[in-house]
Each structure stands twice: as structure tokens, then as C-alpha cells.
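# Analysis of the macromolecular model
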Amino acid sequence: MATEMPTVTGVFTRASSGLVRQVRTQDVVFYGVSQIALSYIVFVVLAWGLYPGASMPIAALIATVGGLAMGVCYAMFATLYPRTGGEYVYLSRTLSPVVGFVVSFSFAFWEAFYAGVSGAFLSLYSISPFLAGLGLQMKSQALLNASTWFNHGWGIFLGGSAAIVLVIWLQIRGAGVYFRWQRWAAYAAFASIAITIVVLLLAATGALDFKSNFDSIAGAGSYNKIVAQGVKAGLAPSAPFNLGNTINFMIWPAFSIWFAVASTSFSGEIKNVQRSQLLGISGAVVLMGIAFIALTWLYQAAFGSSFLLTTAVQGVPVQAPPYVPFFTAVAGGQPILTILMSVWVVFIAVFVIGTTLIYASRATLAWSIDGVAPEWLGNVSERYHSPHYALLVWGVVAEIFLALFAFTTLLGPISGFLGLAISFIVVSIWAIFYPFVRKVQFDNSAIAWRVGGFPLMSLLGIIATIIVGYGFWRLAVDGSFSTNLGFADGGAAVGVIFAAIWFFAFKAYRKRQGVDINRRYAEIPIE
Amino acid sequence: MRIYFCSDIHASRKCWKKFLNSWKFYEADTIIVGGDITGKFVVPIVETRPGDYTATFMGVQRKVNSPKALEALKVMIADSGQYDFITTPDEYRTYQGDQAKIDTLFRRLVVERAQEWMAEADMKLRGTGVRCFVSGANDDFFEIDDVIASSEVIEDPNGKVIELEGGFELLGMGYGNPTPWACPRDIPEDALAGRIDAAAKGVHDLSRAIFSLHVPPLGSGLDIAPKLDDYLRPRVGSDGLEMIPVGSTATRDAIIKYKPIIGLHGHIHESKGIKQLEGVTIANPGSEYGEGILDGLLVDVDPHKGLQRVELVVG
């Protein structure tokens, strides 16, 4: 007798399966949140005035939608090829080895760039405003002088170098040591963010009087004077809402939000439960998108839009940088709150360096294994099991970029975004075509979902390509706040060309050694 | 002599077919699978009505209603290293929650797939002159050994020393150190060391010995796997997976003590690479069987010059 079909037909597994369970979704969210580096919101606010009429929260929302579509594409590829190595693995195997290498090299190179520049950010946007806020509250000229020192040349370089050296040392000591430090730093950072949001909410609702606190350290009437100067200079009040500029401004919050995709660099073995990547990346993007939207709104509500727009250009009449962490310290009005609220800004800035170096060193390992980089770069320390040579090489590259940022005007805060975005745009476009070009693999996979018969992956790839593609184009042409300094455009192009030359040079070198690199990627035919 | 070595193909039909063709593609004289040839999943295909079938494969529900589509689904399942099981709703229910019954089913399907593979190998390799070695490893039921032994062309080096061309010798060891899953051939380190030592006594010339030891040496860089929590979930920090070495001390000691010409390993899918351990070249080709990608190693050895080259390939 026919009976009712069970509602769900799952697979059977052996008692001794050897299977590793899926990564926990909340872990992927946690990782994505770390990658997003909320402390970069400092220069999002600084750049806002350069896009008259732009809405920071709406720009953050657009970046979140684009990041969500792209992030799901990345997660789908990670589900298809659940291997350590991220886009290098699936692009080299499904699209082209040289494309996979070029994209991976470009991403690793610009990640190393940000290892260096993040060191500068630490001095400039985290330590300096923290010391300034504390110095003014405690009336300490020594702290104020230290703040000023961290805001220039050697202060930027040495502060950043200390963080880079610390992170490399921790990573060379092994993943276990590094993770332990970072885990506690992350817990402290989350607590600190919560305190910051409470303080900003109190300031936005008037329970804490930012204007009065500011006047008490900068002189009576200073707040109003700054706003009046801004009006006179045409910087304030904020222009009426402008959708075009809001969309253009999207690249600034995107610079942080889109990096949640980095979790695809690790995956497990079980493809049909890999949805932790899908949920994890989406969760991180949505969570941090909300954080960006909330914080940008709170900054405006707590400090005043005119004040923010004016100080971003004209600075403040005290010995302090005009950055939101400083204003938040002023709003809190207490040294202890200043210290507590600076924890996330400083800690995240330090460990962002770690995330960038980990990507770069892991990618280098993968290239070395595939024979397109020197073997010694893939050497893993027997004692600590860390890729020490790769870490040191990328550490040197990071130091060079840090020095360039500290002592020259070649680099701007998001100069490297264009180079990184090459990966975003290639993966987004490939997501459109993959289900058709690799139909068998797609149909076999755990993500063979269709909407009205059309592959969901392609649909998301189209949305991501439109938003990310627009952002990519804006990065190439946007002249505001040093986004496209010659170094960014030229550097992105040179990075791609250099990577291609590197790949073919290694291919030729290996051929001389009797090794055919093509054979390393060529599929054995089935008869 | 050129050796092609791969491991951990875990019942992937596609990988097995590639393996049988690898000698032609890479111009190899000897081909080896270093163990773990059986799969981990059975996918029930439930016949809901005569001619209508449904299955959840890779987390996606698949419905087919023609013999051709059913065959395509079965191939998809086999290519990914899983076993299909045509059943009825009533029979399906009898398996739910009954692990002993599921394990019995597994053993049947595993043996059937292995028998098909041996028959295919006999047909394709007979008369070619290619030496082919396949052994069970820690994940494989012992029943597999008899199936391998039934093949005309495949030799099983597990626990043995087999002479190769040019005076080289192959020592195989499919047993492994304990894993969290208590696999069929997981044994304590000292027992594993004893088995390797016993086999090594049969080697005539260690300088020409090729050790195919399934589990890589501990701390060799070929044994880095995700650290698991109490629920066997990978631990993730804010910077990614926490990776730790999980290799074998017995294997490590054997490589250092006997100094073979090369150590060939598998077991840790995500830890492919070629390394040196106390002057001995050791290698793990890794595994991407679930995607039908056959990761392998090409090893060139010369009777006069010894080890000439080791190369990772992705087939």
C-alpha cells in the first residue's frame, strides 16, 4: 500500500563517517564582522561633505544590498568548491588558471597594501583622536602632544610599524597564539562598540550635551562659531538630498561592508551543509550594514550635520584631529568613557592588519603549492606551523606602503580599493555565467537553485555586477578625497599586468625545469 | 620510472575513472591510490509513485520521472562520491534512526561499488603493462580488502613490501592513528608504529624504498586540519579557521628512522604539499573528490639517480 512520502529525505551517513560538521553560522558572521572593520567609518564621515546632498545611511544601505548580492555569490562558489584558498581555487579550476592567479595576486597585493595603510590608520584615526580626547579631558599637554605626533610622519610610521610587527610576531608564533589574542580583543571591541552606541544615543537624545561638552574644552561658543564659519564657507548646512551623490558616495561604506566575503577562504568538506557560509556572510553584511546606517545616523544626530561637514574641512580649534572618535569622546565627557570607547577603534585597527596579512600569506601558500611561486614562500615553520617566510615578505611590503603613506602624498585612504575590487567584479561576473558554462557542476551542486527556471546564482551575479560594477567604475573616476590618486588607477593596472607576467614567467621557468604548469590544472579525460 | 599517486577518492566515480586514465595522461608506469576509496553518504532515491522519484542530493530536492533522468541523477550522486539507494517511502522510514541498518546498507553499497571498480580496472588495465596499486585506509571497511584482492590487475600493498621496476620497493600502510570518528582502521600510535616496523623489515634497500603511509607525519606541514570543537565542528576565530597538525607520530618516526626515498601520504584533504622531513621528501596530493577533481602527485625516480622530481597535479 502506498503511503505518504516523508516530508524530508535526508542522506544517510555511516557511524564512523570521518565527517567534519559545518562551521557554525555565528562564527562566520563573527569573522565577517571582523573583516568589515567598522573603525574605517572614521573616514566615511570625513568624506561625506565631498558628496553634497549624499545621505550616509542610504549610501550604507545601497552598499549593503550590493554586498549582500556579491557575498551570496562568493558563498555559492565556496559551496561549490569548499576548499581553503578562496577565489583562487575556484577561478583557477573553473574559469582559467591565469585569471585565478591574477585575481588572487591582485587581492593579496592590495591586502598587503592595507596591512601597511591600516598601520597608518591606527596612528592617524585611532590613537591620535583617542589621545586628543583624553588629553583635553585631563588637561594634559603631554597627551595632546602625543596625539599630534601620531598624526604626522614618524608618528604614523612608528605607530603603524609597531602594530605590524606585533601582528606578524603573533602570526609567526602560530594561529593558536594569534587567535587567542584576537578573540579577546574582539570581545573587548564588541563591548566597547555597545558603550559607544549608548553614549551616542544619549548624545542624540540630549541626555548628554555634546555642544556644551565641546564648548567646555574649546571655549565658550566654539560649537556655534564652527557652524557659522561652515555656513559662511558654503560647507554647511548639508545640501538637500541628492540621489546621484548618495549612490556615488556608496563606495565609502562599501569599502568596509564588502569585505565580509573573505570568509570564503575557508570551508569544510560537506557541501550540502555549507549554508553556514551563505547565512554567515549575509548575516555579517546585514549586521554591519545596520551598524553603519545606525552610526552614521547617530553621528549626525549627536554632533550635528553642519558641525561634521565643517570640521571635516576646517578642523577644530583645539589640538585634536576632527575625527568622530574624538567627538564621541567629547560627547561622553569622561576620561574613563573615552578609554572604553576607544577600545574598539584601536583594537579593530590593529587586527585588521592581521586579517589582511593572513589572506596574503595563505594565497602565497596556494601559489607555491601550484608551482607559480617559489617553494620557499610556501615553507611552513615546523615549530609554529605558520608560513613564516610569506608573512615576513608581505610584512616588508606592508612597511613600504606604510612609509609611503606616512611620508608622501602618493596614497589615500581607499587608494587600494580599486585593486581589491578586481576580485569582486570578476567573481560577480563569473557568477552570472557559471551556471551555464559549467552546467553539470552547477546542477550537481548544493546551490542549484532556480527562480522561475533561471539560476539564482546568475540573478545575484547580475545584481552584484550592476552595483559592484558601478562602484568599480566610480573608484576609477572619483576624484574625491584621494580615492583615485594616480597610484590607485596605475597601481591596480600594474598589479594585474605584473601578476600576469609573474604567472607566465613562472610557467616558463617551470617548463625549463621540466614541469608543465598547464598539466597541473588540466583535467584528465574520462573514457 | 614515473609514479602517479593519489589518495582519498572516497567512492567518486569520476575520480576513479580519471585514475584509471591517469597513466596515459601523465605517461606513468605505476599508478597508486593511497587509501580511503569508500564513500561517506548514501542518497536515498525514493520512488513516490511508479516512475516518479525524489531525492535530496547536496541539500537540494531533486525530482525525476524518466529512466534517463534517473540514470543521470545516479551518475551525479556517484561522481560526487556518494551512493544511491532506490527505495520506497515505507522502506525509507525503516532506516530512519536505525544506524545499524544504515551501516549494513553502507557495507553492501560500498562493496558493490568496489566490485564495479575492480571489474572496470581489470578491463581497462589488462595487458597495458601498467602496475596499479590500491589499498584500503583508515576510512575503509575491511571487506574492501577481499574485493581488491579479487582484481587481476590491482595489487594491494597494505602492510606489505612490493618490488617495483628498477629495484625500487613500495611499502604500504593504510592503518592510521586515532581520529575523533573511530574509523575502521584507526589504531593507537604504538600499534601503528609496530605495523610499519614489521613491514619495513621486508625492505631490501631502504634507499630505494617508497613509503605509502596513509597518515602524514605529525607536524610535517602535510597534516594541517581544522581544529574541531566538542561537536566536531571546525573552530573559527575572527580570522578564519583554527588549523592544527593532526598527523601521526608513528609515521613521523618511521620516515626519520628509515629514510625512504620518498614518503607518500593522504588522509588530510586540505593539506596538500611537498615538504622535507629530516632530509626525506614527503608529499600529500590532497583531495577534492567531491568536485570530481583528482588531485595527484607525479614522482619520477631513476635507478641510478634516485628521486628526480615530485610534482603536484590537479586532474
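Residues numbered from 1 in each chain as written. Chains lettered and ligands numbered in written order. Predicted model: local features only at pLDDT ≥ 70, side-chain atom pairs only at ≥ 80, totals over all residues. Heavy atoms only, no water.

Right, let's get into the overall build of chain B. Broken down by element type, chain B carries 7 helices and 20 strands. Principal-axis analysis of the C-alpha atoms places the extent of chain B at approximately 65 × 50 × 35 Å. Here chain B holds 315 residues, and the buried ones make up 65% of them. Considering only contacts within chain B whose residues lie at least 6 apart along the sequence, 66% involve residues at least 24 apart. Accessible area for chain B stands at about 11000 Å²; split by element, carbon and sulfur atoms hold 51% of it. Mean positive and mean negative side-chain charge positions of chain B (35 and 47 charges, respectively) differ by 4 Å. (Helix = DSSP H or I, 4+ residues; strand = E, 2+ residues; numbered from the N terminus. Buried < 20%, exposed > 50% of the residue type's maximum accessible area, 1.4 Å probe, protein only. Contact = heavy atoms within 4.5 Å. Areas by Shrake-Rupley, 256 points an atom, 1.4 Å probe, with all protein chains shown as cover. Lys, Arg positive; Asp, Glu negative; His and termini not counted. Charge placed at Lys NZ, Arg CZ, Asp CG, Glu CD.)

Residues and elements named next belong to chain A. Tracing the sequence through the fold places valine 99 in helix H5 (residues 97–138). A relative accessible area of 28% means that valine 99 is categorised as partly exposed. The spatial distance from the C-alpha of valine 99 to the C-alpha of glycine 119 is 30 Å, given a sequence separation of 20 residues.

This part is about the confidence of the model for chain A. The predicted model of chain A has a mean per-residue pLDDT of 84, with 89% of residues at 70 or higher. In this model residues 269–273 of chain A is a low-confidence stretch, pLDDT under 50, and it forms 22 contacts with partners more than four residues away in sequence or in other chains. (pLDDT = per-residue confidence, 0-100.)

Let's shift gears to the nonpolar core. With 173 residues, the main nonpolar core has Trp258(A), Phe303(A) and Phe424(A) as its most contacted residues. Element by element, the count of residues in this core is highest for H5(A), at 23 residues. Apart from residues lying up to four places away in sequence, Phe424(A) is in contact with Met70(A), Tyr74(A), Phe107(A), Trp258(A), Phe259(A), Val261(A), Phe417(A) and Val468(A). Listed in part, the 46 residues of the second largest apolar core include Ala121(B), Ile144(B), Ile148(B) and Ile154(B). (Core = buried A, V, L, I, M, F, W, Y, C linked by side-chain atoms within 4.5 Å.)

Let's shift gears to the sheet that holds strand E2 (residues 30–33) of chain B. All names here are of chain B. Read across the open sheet, the 6 strands follow the order E8-E7-E2-E1-E19-E20; overall the sheet is mixed. If you trace the sheet from one side to the other, it starts and ends with strand E8 (154–155) and strand E20 (306–314), each paired once. Here strand E7 (residues 131–134) pairs with E8 via 2 bridges, running parallel. What sits directly across from cysteine 132, in E8, is isoleucine 154. (Pairing = 2+ DSSP bridges.)

Moving on: the sheet that holds strand E10 (residues 169–173) of chain B. Backbone hydrogen bonds are what pair the strands of a sheet, in a parallel or an antiparallel way. Residue and element names in this part refer to chain B. In space, the 6 strands of this open sheet follow the order E9-E10-E11-E16-E18-E17, with mixed pairing throughout. Of all the strands in the sheet, the pair left with one neighbour each is strand E9 (161–163) and strand E17 (273–277). Adjacent strand axes in the sheet meet at a mean angle of 20° when their direction is disregarded. Pairing between E10 and strand E11 (residues 209–213): 5 bridges, direction parallel. In the strand pairing of E11, glycine 172 is matched with serine 212. Strands E9, E10 and E11 of the sheet are contacted by helix H6 (residues 189–200), whose axis makes an angle of about 160° with E10. Of the strands in this sheet, E11, strand E16 (262–264), E17 and strand E18 (280–284) touch helix H7 (residues 249–258), which is tilted by about 175° from E11. (Axes fitted to C-alpha atoms, helices over the stretch in contact; angles between N-to-C directions.)

On to helix H2 (residues 41–48) of chain A, then. Count 3.6 residues to each turn of an α-helix, and residues three or four apart come out pointing the same way. Most of H2(A) is tucked away, with 8 of its 8 residues classed as buried. Within H2(A), the full set of buried residues consists of Ile41(A), Val42(A), Phe43(A), Val44(A), Val45(A), Leu46(A), Ala47(A) and Trp48(A).

The next subject is the state of the cysteines. Residue and element names in this part refer to chain B. Enumeration according to the criterion identifies 0 disulfides over all chains in this entry. With no disulfide of its own, cysteine 6 lies closest to cysteine 15 among cysteine sulfurs, the gap being 7.8 Å. With no disulfide partner, cysteine 183 has as its closest neighbouring cysteine sulfur the one in cysteine 6, 19 Å distant. (Disulfide = S-S within 2.5 Å.)

Attention now moves to the side chain of Thr281(B). Residue and element names in this part refer to chain B. Turning to its location among the elements, threonine 281 is positioned in strand E18. Judged by relative accessible area, which is 11%, threonine 281 ranks as buried. Separated by 2.7 Å, the side chains of threonine 281 and glutamine 276 make a polar contact. Beyond its immediate chain neighbours, meaning those up to four positions away, threonine 281 contacts Ile261, Ile262, Gly263, Ile274, Lys275, Gln276, Leu307 and Val310. (Polar contact = N/O pair within 3.5 Å; in protein donor to acceptor, adjacent residues only side chain to side chain.)

Glancing now at a nonpolar patch on the surface. Residues and elements named next belong to chain A. Together, Ile429, Phe433, Phe436, Val437, Val451, Phe454, Leu459, Ile462, Ile463 and Ile466 line one region of the surface with nonpolar side chains, adding up to about 840 Å² of accessible area. Listing elements by their share of the nonpolar patch, those giving two or more residues are helix H18 (417–437) and helix H20 (456–477). Looking at the element boundaries, isoleucine 429 is found in helix H18. The class for isoleucine 429 is partly exposed, based on a relative accessible area of 35%. (Patch = residues over 30% accessible without salt bridge, like charges linked within 9 Å, V, L, I, M, F, W, Y side chains within 5 Å. Salt bridge = Lys/Arg side-chain N within 4 Å of Asp/Glu carboxyl O.)

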